[in-house]
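# Close look at the chain arrangement
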Amino acid sequence: VFVSQYPVEALALIAFFLLLAFPVHEFAHAFAAYRLGDSTAKHFGKLTLNPIAHFDQIGGSMLVISVLLTGFPFGFAQTPVNPRNLRGRHGEALVALAGPVSNLLMAAVVAIPFRILLTQLDLLSSNPDMWRLILSTLHYIVLYSILLGLFNLVPIPPLDGGTIMLSLVPPRTAWQIRPVLAQYGFFLLLLLIIPLGGQSVIGRILLPFVEVIYGVLVG
């Protein structure tokens, strides 16, 4: 269990994702929608970075439990968007893309102090236990921000990637597959994230990309 091995890191991850990562992700959806002509999220009070406005009881509880057990922040929040109000053929895709992009940008921002600290050997040796916790926490924040961003791009509803995919395929195709994916997408997603032989299908696909991006950001 992750929390028994890394209690401080687990609590820091929960705080980071509930108080910053998820609110920024949902705000990015709301802001993109607002700029493209849809004020629905604004009317529902979602055009804000206030974490209370974006907290979902079920999704937030799932995140807490998943971090405590596995270390991976598997949860969700919701931002209402009316696609009919969006300008442009691919407005819905742009709104959906804004969320994962915000996660990747956040990983890049947190990677800056993390990368600097890794070079300060004299500072790290002054209090190794404290700095080990700080570096370990920053490592997990960068790593899981990348993973969360890429995970949300998987083209299966209810993930953002599912919305992007449905908005990019021909309208007739989207009309045909949308009901099926809406009904079975979540169960398909669960099957893909269940570890088989020690690692999930999605893990095998995403981790190589996560490692490349992590290497670029952290070195």
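Just above, that's the structure.
No experiment lies behind these values; they were computed from the predicted model shown.

Looking now at the overall build of the chain. Across its full length, the chain carries eleven helices and zero strands. Put simply, the chain runs from its N terminus to its C terminus through helices and strands in the order α-α-α-α-α-α-α-α-α-α-α. Taken over the C-alpha trace, the chain has a radius of gyration of 18 Å; the compact-globule value for 219 residues is 17 Å, and the two agree within 12%. Taken over 219 residues, the chain has a buried fraction of 43%. Measuring between centres, the 11 positive side-chain charges of the chain sit 15 Å from its 9 negative side-chain charges.

Our focus in this paragraph is the nonpolar core. Across soluble globular proteins, nonpolar side chains have a tendency to be buried as a group. Ranked by internal contacts, the top residues of the largest apolar core, which has 43 residues, are Leu 13, Phe 17, Val 142 and Phe 151. The set of elements that each furnish at least two residues to this core consists of helix 2 (7-35), helix 5 (57-70), helix 6 (91-118), helix 8 (128-151), helix 10 (171-193) and helix 11 (201-218). When near neighbours in sequence (up to four residues on either side) are disregarded, Phe 17 contacts Phe 22, Pro 23, Leu 63, Pro 73, Tyr 144, Ser 145 and Leu 148. Listed in part, the seven residues of the second largest apolar core include Ala 28, Leu 86, Val 95 and Ala 98.

It is worth spelling out the environment of Val 101 at this point. For Val 101, the location among the structural elements is in helix 6. Distance in space between the C-alpha atoms of Val 101 and Gln 199 is 25 Å, their sequence separation being 98 residues.

On the surface, a nonpolar cluster with roughly 640 Å² of combined accessible area is contributed by Leu 188, Leu 191, Ile 194, Leu 196, Val 201, Ile 205 and Phe 209. For the nonpolar patch, the secondary structure elements donating two or more residues are helix 10 and helix 11. For the nonpolar patch, the leading source of residues is helix 11, giving three residues. Note on placement: Leu 188 falls in helix 10. A relative accessible area of 36% means that Leu 188 is categorised as partly exposed.

Here we come to helix 6. Between the first and last C-alpha of helix 6 there are 41 Å, a value that for 28 residues agrees with the 40 Å anticipated at 1.5 Å per step. For helix 6, the principal kink sits at Ala 111 and spans about 30°; a proline, Pro 113, occurs within the next four residues.

Our next topic: the environment of Ala 107. Of note, Ala 107 is situated in helix 6. Taking relative accessible area as the criterion, Ala 107 reaches 0% and is therefore assigned buried. As for Ala 107 and Gly 149, which are separated by 42 residues in sequence, their C-alpha atoms are 9.2 Å apart. Setting aside anything within four residues of it in sequence, one finds Ala 107 in contact with Val 142, Ser 145, Ile 146 and Leu 217.

Per the stated rule, a full pass over the model turns up nine aromatic pairs. Ring centres of Phe 27 and Phe 31 lie 5.8 Å apart, and the angle between their planes is 25°; this geometry places the pair in the stacked category. In this pair, Phe 27 and Phe 31 both sit in helix 2, four residues apart, roughly one turn of the helix. What makes Phe 27 partly exposed here is its relative accessible area of 24%. Between the aromatic rings of Phe 186 and Phe 187, the centroid separation amounts to 6.3 Å while the plane-to-plane angle is 80°, which identifies the pairing as edge-to-face. Relative accessible area serves as the criterion here: at 35%, Phe 186 is assigned to the partly exposed category. Looking at Phe 187, the relative accessible area reads 52%, which means it is exposed. Site record: aromatic cluster; members linked through ring pairs are Phe 2, Tyr 6, Tyr 140 and Tyr 144.

A word on the packing of helix 2 against helix 8. At a minimum axis distance of 10 Å, the contact between helix 2 and helix 8 shows a crossing angle of 45°. Between helix 2 and helix 8, the angle falls in the class oblique. Crossing hand, helix 2 versus helix 8: right-handed. Between helix 2 and helix 8, the contacting residues are Val 8, Glu 9, Ala 12, Leu 13, Phe 16, Phe 17 and Phe 22 on the first element and Arg 132, Leu 133, Ser 136, Thr 137, Tyr 140, Ile 141, Tyr 144, Ser 145 and Leu 148 on the second. Looking at the contact of helix 2 with helix 8, its residues break down into eleven nonpolar, three polar and two charged.

What counts and how
- Residues numbered from 1 in each chain as written.
- Predicted model: local features only at pLDDT ≥ 70, side-chain atom pairs only at ≥ 80, totals over all residues.
- Heavy atoms only, no water.
- Helix = DSSP H or I, 4+ residues; strand = E, 2+ residues; numbered from the N terminus.
- Rg over C-alpha atoms; globule rule 2.2 N^0.38 Å.
- Buried < 20%, exposed > 50% of the residue type's maximum accessible area, 1.4 Å probe, protein only.
- Lys, Arg positive; Asp, Glu negative; His and termini not counted.
- Charge placed at Lys NZ, Arg CZ, Asp CG, Glu CD.
- Core = buried A, V, L, I, M, F, W, Y, C linked by side-chain atoms within 4.5 Å.
- Contact = heavy atoms within 4.5 Å.
- Patch = residues over 30% accessible without salt bridge, like charges linked within 9 Å, V, L, I, M, F, W, Y side chains within 5 Å.
- Areas by Shrake-Rupley, 256 points an atom, 1.4 Å probe, with all protein chains shown as cover.
- Salt bridge = Lys/Arg side-chain N within 4 Å of Asp/Glu carboxyl O.
- Expected span 1.5 Å × (residues − 1).
- Bend = angle between axes of the 7 residues up to and from the residue.
- Phe/Tyr/Trp six-rings, centres within 6.5 Å; stacked < 30°, edge-to-face > 60°.
- Axes fitted to C-alpha atoms, helices over the stretch in contact; angles between N-to-C directions.
- Parallel < 35°, antiparallel > 145°, perpendicular 65-115°, else oblique.
- Left-handed = near helix turned anticlockwise from the far one by under 90°.
- Nonpolar A, V, L, I, M, F, W, Y, C, P; charged D, E, K, R; others polar.

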